[in-house]
Amino acid sequence: GLEVLTMAADLSDAAQAQALAARVEKEVGPVDFLLNSAGAARRFAPDELSADAFHQGMDAKYFSTIHLLEPVVRAMAARGRGAVVNVIGQGGRVGSPMHIPGGSANAALMLATVAYARAFAAKGIRVNGINPGLTRTGRVEEGLAVSARASGRSRDEVLADELARIPMGRM
């Protein structure tokens, strides 16, 4: 059967992320593939925004991804092979008033993903990003609640608007 090994670290802390990457290399072996789906930025209505909200978004989403990506890509480059897929929310493609800090972090991750792909391609490393569509999760429910609160509409009305933007009409 498949063996699962769990290692915990706060990836918003660069030192912990670097220590995790080193521990995996030492205890498991070289990382050939990294699926980087770290962190989740909270949603804030425009009147709830503050510097702390932007720091939360960048720390939770951008830095938690970059802190692990950096040491792993460097080790891959030293070996001349490897692949990375960064999972990046669509909030970085289209600005939403309810997700300004998180969307900003996602946009920065899209740029960093392309830049890393270009920087490390000649060393045999593929770096790609995917932007999954709306998925029914606790985060979506949180976003619906924030949008409902900010607009004075019901959660169901906000959900209907979101679903209307999806070609298949469903998450």
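That block above? That's the structure.
### Points about the layout of surface pockets
Stage number 1. Approximately 1200 Å³ is the volume found for the largest pocket.
Stage number 2. With 6 residues, helix α4 (residues 138-151) is the single largest residue contributor to the lining of the largest pocket.
Stage number 3. Of the residues assigned to the lining of the largest pocket, the class counts are 14 nonpolar, 16 polar and 8 charged.
Stage number 4. The volume enclosed by the second largest pocket comes to roughly 420 Å³.
Stage number 5. Along the wall of the second largest pocket there are 20 residues; nearest its centre are Leu5, Met7, Leu20, Val24 and Leu68.
Stage number 6. Going through the elements one at a time, α1 (14-27), β1 (33-36) and α2 (51-79) are the ones with two or more residues in the lining of the second largest pocket.
Stage number 7. The biggest single contributor to the lining of the second largest pocket is β1, with 4 residues.
Stage number 8. Tallied by class, residues from the lining of the second largest pocket come to 16 nonpolar, 3 polar and 1 charged.

### Re the sheet that holds β1
Stage number 1. Spatial strand order, β1-β2-β3: 3 strands in an open sheet with parallel pairing. Two strands in the sheet have a free side with no partner beyond their single neighbour: β1 and β3 (125-130). Pairs of neighbouring strands in the sheet enclose a mean axial angle of 10°, with direction left out of account.
Stage number 2. Note that β1 and strand β2 (residues 82-87) share 4 bridges and pair parallel. The residue of β2 that forms the bridge with Leu34 is Val84.

### What about α1?
Stage number 1. Look at α1: 20 Å from first C-alpha to last across 14 residues, which is about the 20 Å you get at 1.5 Å a residue.
Stage number 2. Those residues of α1 that fall on the buried side of the exposure criterion are Ala17, Leu20 and Ala21. Buried residues along α1 cover an arc of 95° about the axis, so they all sit on one side. Those residues of α1 that are exposed and aimed more than 90 degrees away from the buried face are Ala15 and Lys26.
Stage number 3. Residues of α1 that are buried in the fold lie against α2.
Stage number 4. Two or three places before Ala15, at the start of α1, stands the capping residue Asp13, its side-chain oxygen 2.9 Å from that residue's backbone nitrogen.
Stage number 5. Just downstream of α1, Gly29 is the residue with a positive phi angle, here 125°.

### Remarks on the pattern of salt bridges
Stage number 1. What the rule picks out here adds up to 10 salt bridges.
Stage number 2. Arg149 is paired through a salt bridge with Glu48; the nearest N and O atoms lie 3.1 Å apart. Of this pair, Arg149 sits in helix α4 while Glu48 sits in the loop between β1 and α2, and the two are 101 residues apart along the sequence.
Stage number 3. Taking the relative accessible area as the measure of exposure, Arg149 reaches 52% and is therefore exposed.
Stage number 4. Across the salt bridge formed by Asp161 and Arg153, the nearest N and O atoms sit 2.4 Å from each other.

### Digging into the packing of aromatic side chains
Stage number 1. Counted by the stated rule, this structure contains 2 aromatic pairs.
Stage number 2. With a centroid separation of 5.1 Å and an interplanar angle of 80°, the aromatic rings of Tyr62 and Phe63 are classed as edge-to-face.
Stage number 3. With a relative accessible area of 18%, Tyr62 lands in the buried category.
Stage number 4. For Phe63, a relative accessible area of 30% gives the class partly exposed.
Stage number 5. Aromatic pair Tyr116 and Phe120: ring centres 5.7 Å apart, planes at 15°, arrangement stacked. In this pair, Tyr116 and Phe120 both sit in helix α3 (residues 100-120), 4 residues apart, roughly one turn of the helix.
Stage number 6. For Tyr116, a relative accessible area of 14% puts it in the buried group.
Stage number 7. Judged by relative accessible area, which is 7%, Phe120 ranks as buried.

Thresholds applied
- Residue positions within a chain follow its written sequence, with the count starting from 1.
- For this predicted model, a pLDDT threshold of at least 70 governs which residues receive local features, and a threshold of 80 or more governs which side-chain atom pairs are given and counted, while totals over whole chains, interfaces and linings are taken from all residues.
- Calculated side-chain values reflect all of the structure's heavy atoms, with hydrogen atoms and water omitted.
- In the cavity and pocket records, a cavity denotes points on a 1 Å grid over the protein atoms alone where a 1.4 Å probe fits but cannot get out, a pocket denotes an open set with protein on both sides within 12 Å along at least 5 of 7 lines, and lining residues are residues with an atom within 4 Å of a point.
- Grid points are joined across faces, edges and corners, and a volume is the space filled by probe spheres set on the points.
- Secondary structure elements are defined from DSSP: runs of H or I of at least 4 residues count as helices, runs of E of at least 2 residues count as strands, and each element is numbered from the N terminus.
- Under the scheme applied, nonpolar residues are Ala, Val, Leu, Ile, Met, Phe, Trp, Tyr, Cys and Pro; charged residues are Asp, Glu, Lys and Arg; polar residues are all the others, including Gly.
- For two strands to pair, DSSP has to find at least two bridges joining them.
- Axis lines are fitted to C-alpha atoms, over the contacting stretch for helices. Their N-to-C directions set the angle, which ranges from 0 to 180 degrees.
- Residue count minus one, scaled by 1.5 Å, sets the expected span of a helix.
- Each residue's exposure class comes from its accessible area (1.4 Å probe, protein chains only) as a fraction of the maximum for that residue type: buried when under 20%, exposed when over 50%, partly exposed otherwise.
- The arc in question is the one traced by the directions running from the helix axis out to the C-beta atoms.
- A contact between two residues is defined here by any heavy atoms of the two lying within 4.5 Å.
- Whenever two N or O atoms come within 3.5 Å, that pair is a polar contact, provided that in protein one can donate a hydrogen and the other can accept it, and provided that, for residues adjacent in sequence, both atoms are side-chain atoms.
- The term salt bridge refers to a side-chain nitrogen of Lys or Arg lying within 4 Å of a carboxyl oxygen of Asp or Glu.
- Here a pair means two rings of Phe, Tyr or Trp (six-membered ring of Trp) with centres within 6.5 Å. Their orientation is stacked below 30 degrees between planes, edge-to-face above 60, and tilted elsewhere.

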